[in-house]
Structures are given as C-alpha cells and as structure tokens.
Protein chains: 2
Amino acid sequence: MDPINALKAYYQQLNPSMTEEDWHFFQSVQRVRRVKKGEMIVKPGEVCNHVSFVAEGLVRYFYFNEGKEITADFCPENCYTSEYCSFLTRRPTMDYLEALEDSILVEMDYEGMQSLYSRGALFERMGRLIAEGLFISLSTRNSTLMTKSPEDRYNEFFEAHPQMFQRVPLYMIASYLGITPETLSRIRKRLTEKAKQNS
Amino acid sequence: MDPINALKAYYQQLNPSMTEEDWHFFQSVQRVRRVKKGEMIVKPGEVCNHVSFVAEGLVRYFYFNEGKEITADFCPENCYTSEYCSFLTRRPTMDYLEALEDSILVEMDYEGMQSLYSRGALFERMGRLIAEGLFISLSTRNSTLMTKSPEDRYNEFFEAHPQMFQRVPLYMIASYLGITPETLSRIRKRLTEKAKQNS
DNA sequence: AGTTTTTCTTGATTTGAATCAAGAATGCCA
DNA sequence: TGGCATTCTTGATTCAAATCAAGAAAAACT
C-alpha cells in the first residue's frame, strides 16, 4: 500500500470527523522517508525531532544499560514510533530507534506538529488522543513487567505478537520481556516439555 | 489556601492564556470534596470517574499483587490524582486511591471533562498537556525502576521527596521503590554506616 | 560449499533480593 | 499511662534469575 494512504487510513480511524481539507493540511507537514535495515533513526545525544508512522517495516526502540541493550518497544507497520519524551521535552535522548527491516516512514517534525496544533481543536484533540493512548500502553506494559512472572510475560507476548518470533531474534524479545536470553531459552524449553506431556 | 485558588494557581501556570471566562467555565464543572485519612477514593471494580486535584493532604495510588500491596504513586498537595487509565477507557480499575491524610480534593468528572473538551482548543490543549505530562512522568519512573539499583532508587527518592519520610510509613516507600521493607531497612542501615565512616 | 559471525542452548555457579522468623521500637487510643 | 497494634529491624535461609562458560545451530557472506 502507498505509505500516505496507510497513514490516511490510520487517522480516519482515529478521528472520523477529519475533513478532506484537514487531511490536506495534515499531509502538507508529512515527509516520506525510506530507511535501510540496521539504520539508526534516532541516536543518543540527539533531540528526537520527529514522530514517525511506520507504513512498512519494523522499528525498535532500545537503550543500553550496564553494557547490555534493552529493547523497550517494537513498532511494526501501522503504528507510530518516536522517542516521545525527548520529542516533547526537546531534550537529548539516551536511546536508539533502529530499523530492524527496510522500512518506509511517514514523518512529521516538531515544528510541523506545532503548526497542526495551532490550527485548532481537531488537531489538539488528535494530539491528546495520541498522548492518552501512549499513556495507556505504557501503564499496561508497566503493570505487566511489575506484576507478572517472566513465564506469564512470555506467554502474553506470544499470544499478542506471534509473528514477532519470525521477525526478530529471541534475544531482543528476551530483553523486551525483562529477562536474559538464557532465561528465555529455559522458559521455552520448559513450555515445550510441558506441551509434550499433554500429548 | 482556599482549594479553588490553589487549583487556579495550578492552571494559570499550566496555561497562562486562560481568560477569566475560561476559568469560570472550568470552575463550573469542579466540585470540592473532603476525605478523611484512610478513606478510599477509588476501589477495585469501580470505573474511576474523576480526576482529583489534591488541594490539601496526601493520596496514594496502590494495588495488590500476590497478596502484597504495591504503592504505585504518591500524590501530595498541588498535584492531580486519578486512576487515569480507568478514567480514559471507562473500564473498571483493579486499583485503589487512598487518602493517607485528611485531604481536600477538587474533582471533575468524566462528563465535565468532555464538556470542557467540546468547548474548544484551549481545553483540548490542556488535556493534551496533562496526558503528555503523565506520559513523561511514567516513562521516567519506568526507566528508573528498570535501570537503577534499589539503592540508587532509594537515594533518588530521598533527594526528590525528603518530606515523604515524615508523612508515610517506610513500607509504603519500599513498595514504591519496588523492594520489600526488609530490603529497604538494610539499604538504610548500609547508608548510615557508610555515612559514619566518612566522619 | 565453506567460512565466519550471529544467535541460541545447556549446564554449573553466583548473587541479590525475597521470604521466613522473631524480637524491638514506635505510635495510638481507651 | 498502660496495653495493643502497627511498623521497623535484624538474622538465617531460600530462591529465581543472572552470570559465567562453552558448545551447537543457524544465518550471512564470499
């Protein structure tokens, strides 16, 4: 699908009352960008200056802690990615956004976003809904990490994103689940053995 | 200070362009509520229907996990408290909001908030800024819990909220820091011993 | 196809915090 | 002010996951 059409579909769902005129204005601040697998979209020290809709491909958000990389989020096609804290606060990030596959992004920069907001309530509402949605996602993820066991977290992830196992190495999933690759490997072994017994 | 004035000061800082007319409308959807120490403002099973500005007192947000209570947040005077996920999604919460001291709240219900939003861009922006602020706070807290050691988390909390130690029992701070009371006690012992050596 | 690099698995050991247990200190309120 | 409840501390033990180590498997490159 054409990246702009994918984006349009996304926003029509988010806000059905968007007129063609609104859309036209919205589109005027968007830029399509192609990135190669392995390319860093954002790097530590930079202020994240874009929010990027992933029209095609896969992006991950990660950082280093004590020398080890921790995956904070995966963003496959049809979702938005950004280091939104840095974007909002205009302060340098410590984190990375990396294309895990060749990807097509539709990007809007900070200035463009402000010009949308100054255009009126419709875009303000859009920004509000996006921030609210991010808050809800982060709360949910938080709660999972704090209250569920590694095995439960694995199962939950497996239910929700089975395709991810074809697209990213296990060690990235491990760090996303807050465990080491070794622990993930053992969880998977335990589960397949359990599955064998029940057959 | 009068609770409504405290709230007004809060919003004037958040949005200096608010006119007296806006403020008047805003105020029309607010209700002052007094709660006693120990009172539950929100309980599991309820849909959280308010956002509450704490004009005086102290509220904590907590939940149970495996029989143990976990404090997710403290909200002292001049901040907003709510189970905002439940509020936004209109789904029942699993969590508690509890007054840790006799408190005065200025509350706005969901309907009131929608009526503000439908009034125009100013209030949409306000809602957006609030959601963005919550997202930033939660991200920061998340990052602290995931990357810092218990001792670092304690020191950070102690720097940021020294007064809290006079207002809440240590076991609540322990669970806020993601550790048991025993572990907190040992951290404090270690730190005071370290302090003694340096004197 | 063969070589190198990356990723994954498995076992042995360590470790930091949780749990269990019990007593001390503090606060509350009747 | 005495007594009960809550909170805090300290020590002993357990435990789940991390770390360390090494080899197997898979993927990527030439």
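Just above sits the structure.
Residues numbered from 1 in each chain as written. Chains lettered and ligands numbered in written order. Predicted model: local features only at pLDDT ≥ 70, side-chain atom pairs only at ≥ 80, totals over all residues. Heavy atoms only, no water.

**Some thoughts on the overall build of chain A**
Next up, step 1: For chain A, the count of helices and strands is nine helices and eight strands.
Next up, step 2: The C-alpha extent of chain A, read off along each of the three principal axes, is 60 × 40 × 30 Å.
Next up, step 3: When the accessible surface of chain A is split by element, carbon and sulfur atoms take 52% of a total near 10300 Å².
Next up, step 4: With 24 positive and 27 negative side-chain charges, chain A shows a spacing of 5 Å between the two charge centroids. (Helix = DSSP H or I, 4+ residues; strand = E, 2+ residues; numbered from the N terminus. Areas by Shrake-Rupley, 256 points an atom, 1.4 Å probe, with all protein chains shown as cover. Lys, Arg positive; Asp, Glu negative; His and termini not counted. Charge placed at Lys NZ, Arg CZ, Asp CG, Glu CD.)

**Regarding the sheet that holds strand β7 (residues 96-99) of chain B**
Sheets are built from strands paired through backbone hydrogen bonds, the pairs being either parallel or antiparallel.
Residue and element names in this part refer to chain B.
Next up, step 1: One open sheet holds the four strands; their spatial order is β2-β7-β4-β5, and the pairing between them is antiparallel. Across the chains shown, the open sheet's two edge strands, defined by having one partner strand only, are β2 (40-42) and β5 (68-76). Averaged over all pairs of adjacent strands, the angle between their axes in this sheet comes to 30 degrees, without regard to strand direction. (Pairing = 2+ DSSP bridges. Axes fitted to C-alpha atoms, helices over the stretch in contact; angles between N-to-C directions.)

**Topic: the packing of aromatic side chains**
Next up, step 1: What the rule picks out here adds up to 44 aromatic pairs over all chains.
Next up, step 2: Relative to Phe157(B), the ring of Phe74(B) has its centre 6.3 Å away and its plane inclined at 50 degrees; by these criteria the two rings are tilted. Of the two residues, Phe74(B) sits in strand β5 while Phe157(B) sits in helix α6 (residues 150-160), which places them 83 residues apart along the sequence.
Next up, step 3: Take Phe157(B): its relative accessible area is 5%, and that puts it in the buried class.
Next up, step 4: The structure contains a cluster of three or more aromatic residues connected by ring pairs, namely Tyr10(A), Tyr11(A), Trp23(A), Phe25(A), Phe26(A), Phe53(A), Tyr80(A) and Phe123(A). (Phe/Tyr/Trp six-rings, centres within 6.5 Å; stacked < 30°, edge-to-face > 60°. Buried < 20%, exposed > 50% of the residue type's maximum accessible area, 1.4 Å probe, protein only.)

**Quick notes on empty space enclosed by the protein**
Residues and elements named next belong to chain B.
Next up, step 1: Applying the stated criterion across every chain, the model contains one cavity of 30 Å³ or more.
Next up, step 2: Each pocket or cavity is described by its volume, and for the largest cavity that value is around 40 Å³.
Next up, step 3: As for the largest cavity, its lining consists of Lys8, Gln12, Met18, Thr19, Glu20 and Trp23.
Next up, step 4: Its residues placed into classes, the lining of the largest cavity shows two nonpolar, two polar and two charged. (1 Å grid on protein atoms, 1.4 Å probe; cavity = no way out; pocket = protein on both sides within 12 Å on 5 of 7 lines; lining within 4 Å. Points joined across faces, edges and corners; volume = space filled by probe spheres on them. Nonpolar A, V, L, I, M, F, W, Y, C, P; charged D, E, K, R; others polar.)

**Some details on the relation of the copies chain B and chain A**
Think of it as a corkscrew move, a rotation about one axis and a shift along it, taking one chain copy to the other.
Next up, step 1: When chain B is brought onto chain A, the operation consists of a screw motion whose angular component is 180 degrees and whose axial shift is 0.0 Å, with 0.0 Å RMSD remaining. Here the two chains are linked by the operation of a two-fold rotation axis. (Least-squares fit on C-alpha atoms with pLDDT ≥ 70 in both.)

**Focus: the interface of chain B and chain A**
Next up, step 1: Listed per partner, the contact involves 25 residues of chain B and 25 residues of chain A.
Next up, step 2: Carbon and sulfur atoms supply 70% of the area buried between chain B and chain A, which totals about 2600 Å² over both sides.
Next up, step 3: Area buried by chain B at its contact with chain A is led by Glu124(B), Arg128(B) and Phe135(B), which between them contribute 24% of it.
Next up, step 4: Across the contact surface, chain B and chain A share four salt bridges.
Next up, step 5: Of the charged contacts, one joins Arg128(A) and Glu124(B) as a salt bridge, the two residues approaching to 2.6 Å between their closest N and O atoms.
Next up, step 6: For the pair chain B and chain A, the number of links is four residue pairs in polar contact (both at pLDDT 80 or more).
Next up, step 7: Looking at the side of chain B that touches chain A, the element that brings in the most residues is helix α5 (residues 121-147) of chain B, giving 16 residues. (Contact = heavy atoms within 4.5 Å. Buried area = accessible area lost by both parts, 1.4 Å probe. Salt bridge = Lys/Arg side-chain N within 4 Å of Asp/Glu carboxyl O. Polar contact = N/O pair within 3.5 Å; in protein donor to acceptor, adjacent residues only side chain to side chain.)

**Considerations on the packing of helix α2 (residues 20-28) of chain B against α5(B)**
Residues and elements named next belong to chain B.
Next up, step 1: Interhelical geometry of α2 versus α5 gives an angle of 65 degrees and a closest axis separation of 11 Å. Here α2 and α5 pass one another in a crossing that is right-handed. From α2, Asp22, Phe25 and Phe26 reach across to α5, where they touch Leu122, Phe123 and Met126.
Next up, step 2: Classifying every residue of the contact of α2 with α5 by side-chain character gives five nonpolar, no polar and one charged. (Left-handed = near helix turned anticlockwise from the far one by under 90°.)

**Some details on the protein's contact with DNA strand D**
Next up, step 1: In the neighbourhood of DNA strand D, 15 residues make up the surrounding shell, with Pro150(A), Thr183(A), Leu170(B), Tyr171(B) and Arg186(B) lying closest.
Next up, step 2: Restricting the count to atoms of DNA strand D within 4 Å of the protein gives a sugar and phosphate share of 63%.
Next up, step 3: Separating a phosphate oxygen of DNA strand D from a side-chain N or O atom of Thr180(A) is a distance of 3.1 Å.
Next up, step 4: Contact between DNA strand D and Arg186(B): a base nitrogen at 2.5 Å from a side-chain N or O atom of the residue. (Near = heavy atom within 4 Å.)

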